[in-house]
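Per-entry structural report
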Amino acid sequence: MADLPARAFIATYMTGGAQVPLTDPALQRRKLRDQLRRLRESAGFTQREVADEMEWSLSKLIRIEAGRNGISITDLRALIGHYRVTDQAVVDRLIAMARAARERPWWDRYRDIADPAFLLSLGYEGAASIIRTFEPMLVPGLLQTEEYALEVLQLTSPPEQVDMRAELRFERQERLLRSDGPQLHFILDENVISRAVGGPEVMRRQVRRLKELADHPQISLRVLPFGNGLYGYFRTSYVLFEFEDPEEDIVLYIERANGEAIVREGVDWADDDAPGRFLETYFDNEQLASLEGTPAILDACVGRLGWPDGSAESAPPDSAEGST
């Protein structure tokens, strides 16, 4: 399948020969946070020792290393000097990160119509090399047709926000569904394609869209059949973000049935919402939902929805009869 059209692209921030992707200021702050913590630890300093030397409060350094606060270029240069960083390329890259962290994100104009946790997830979405999505109820936003998306948004959004939320959804699609985008893996419960959102015609076109996207080189799409029963986190919509840098922690974004949205970082298994737990469950579910069996499940769905009179596709293929 040909690359999907895209009008957007990821720009870069240039300074002193250092090039930093302008994916999202919050993400750049996170990267800078991790780099500064590693530099301090490599230099053999405790947080208290650094705070005393810099004449800062300990809480200031803790907030910077936690990514909750930004850092001025002046403070950053002083901190880099204290850590005895002499490689100019490293210095330039850190300064570029600090400057990029102060830029406005591409999604800033949507700030008033989206949940803060979701907006935070957009930064990770734009920088991830692999995105894994599980959805038990609805077609994921990145895969929705316009008419399907509007049906959902009209029921879940204030009327005055429907158009802006739809615009945000389609801009995300354009940014990610392209030849240089991330690898996108989707697992859908069969429930997702069995509910005729918007009626049979709207849903039929949506399922055909899923079949087209399943052939996209960046996408793998699996449908988890009803016959497999229950499985881990079967009621929870979630997305896992993985990054090219092996030192970057995986990030988990969860949308709960009650509307709560949260973001978790790291691989700590002590928390029920630990990204590592969800990643393991995702891999388990991939074994239950085969790539090879998914086209037949989609064809059977289209057959159940029915085709317009006179269509050559008035019945599902024989191979789909026993697939669910």
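Heads up: the structure comes first, above all this text.
Residues numbered from 1 in each chain as written. Predicted model: local features only at pLDDT ≥ 70, side-chain atom pairs only at ≥ 80, totals over all residues. Heavy atoms only, no water.

Scanning the protein from N- to C-terminus turns up 12 helices and 8 strands. Split into buried and exposed, the 324 residues of the protein put 51% on the buried side. Of the contacts made within the protein by residues no fewer than 6 positions apart, 70% connect residues no fewer than 24 positions apart. For the protein, the accessible area works out to roughly 15900 Å², and carbon and sulfur atoms hold 48% of it. (Helix = DSSP H or I, 4+ residues; strand = E, 2+ residues; numbered from the N terminus. Buried < 20%, exposed > 50% of the residue type's maximum accessible area, 1.4 Å probe, protein only. Contact = heavy atoms within 4.5 Å. Areas by Shrake-Rupley, 256 points an atom, 1.4 Å probe, with all protein chains shown as cover.)

Glancing now at the packing of aromatic side chains. Taken as a whole and judged by the stated rule, the model has 12 aromatic pairs. Judged by centre distance (6.3 Å) and plane angle (75 degrees), the ring pair of Tyr233 and Tyr238 falls under edge-to-face. Taken together, the ring pairs in this structure connect Phe134, Tyr231, Tyr233, Phe234, Tyr238, Phe278 and Tyr282 into an aromatic cluster. (Phe/Tyr/Trp six-rings, centres within 6.5 Å; stacked < 30°, edge-to-face > 60°.)

This brings us to the pattern of salt bridges. Enumeration over the complete set of coordinates arrives at 18 salt bridges. Arg33 is the partner of Asp34 in a salt bridge, and the nearest nitrogen-oxygen pair spans 2.9 Å. Looking at Asp34, the relative accessible area reads 5%, which means it is buried. Notably, a salt bridge pairs Arg209 with Glu212, separated by 3.9 Å at the nearest N-O pair. (Salt bridge = Lys/Arg side-chain N within 4 Å of Asp/Glu carboxyl O.)

Let's shift gears to the packing of helix α7 (residues 146-156) against helix α8 (residues 162-176). It is at 10 Å that the axes of α7 and α8 come closest, and there the two elements cross at 135 degrees. For the element pair α7 / α8, the angle class is oblique. Between α7 and α8 the crossing geometry is right-handed. Facing Glu146, Ala149, Leu150, Leu153, Gln154 and Thr156 of α7, the residues of α8 in contact are Val162, Arg165, Ala166, Arg169 and Phe170. (Axes fitted to C-alpha atoms, helices over the stretch in contact; angles between N-to-C directions. Parallel < 35°, antiparallel > 145°, perpendicular 65-115°, else oblique. Left-handed = near helix turned anticlockwise from the far one by under 90°.)

The next subject is the sheet that holds strand β6 (residues 237-242). The strand order β5-β4-β3-β6-β7-β8 describes an open sheet built from 6 strands, whose pairing is mixed. Both edges of this open sheet fall to β5 (219-224) and β8 (261-265), since each of them pairs with a single strand only. Direction aside, the axes of adjacent strands within the sheet are offset by 10 degrees on average. Two strands pair when backbone bridges link them, and strand β3 (residues 130-135) and strand β4 (residues 183-189) are joined in this way by 6 bridges, in the parallel orientation. (Pairing = 2+ DSSP bridges.)

What follows is about helix α2 (residues 47-54). Considered for burial, the residues of α2 that qualify are Val50, Ala51 and Met54. All buried residues of α2 fall inside an arc of 100 degrees around its axis, so they share one side. Immediately beyond the C-terminal end of α2, within one or two residues, lies Glu55, with a positive phi of roughly 60 degrees. (Arc of directions from axis to C-beta.)

For the α-helix, the turn length of 3.6 residues means that residues three or four positions removed from each other point alike. Restricting attention to buried positions, one finds in helix α4 (residues 73-82) the residues Ile73, Asp75, Leu76, Leu79, Ile80 and His82. Remark: Arg84 follows α4 within two positions and exhibits a positive phi of approximately 60 degrees.

Residues Glu49, Asp52, Glu53 and Glu55 make up a contiguous surface patch of negative charge. Looking at where Asp52 falls in the secondary structure, it is placed in helix α2. (Patch = residues over 30% accessible without salt bridge, like charges linked within 9 Å, V, L, I, M, F, W, Y side chains within 5 Å. Lys, Arg positive; Asp, Glu negative; His and termini not counted. Charge placed at Lys NZ, Arg CZ, Asp CG, Glu CD.)

This paragraph deals with the side chain of Ser121. As for its placement among the helices and strands, Ser121 is situated in helix α6 (residues 116-127). Among residues more than four places away in sequence, those in contact with Ser121 are Phe241 and Tyr253.

With that out of the way, let us pick up the pairing of β4. Moving residue by residue along a regular strand, the side chains alternate between the two faces of the sheet. With 6 of 7 residues buried, β4 lies mostly within the body of the structure. The pairing of β4 with β5 spans 6 bridges and is parallel. In the sheet register, Leu188 faces β5, and the bridge partner there is Val223.

When you line up the elements, Glu125 lands in helix α6. The residues touching Glu125, leaving out its near neighbours within four places in the chain, are Ile131, Leu142, Arg172, Leu176 and Phe241.

Leu143, Leu168, Ile193, Leu210, Phe241 and Tyr253 are the most contacted members of the largest nonpolar core, which has 47 residues in total. Other than its neighbours up to four places away in sequence, Leu168 contacts Trp106, Tyr110, Ile113, Ala114, Phe118 and Leu122. Counting 23 residues, the second-largest nonpolar core is a separate cluster that includes Val50, Leu79, Val91 and Ile95. (Core = buried A, V, L, I, M, F, W, Y, C linked by side-chain atoms within 4.5 Å.)

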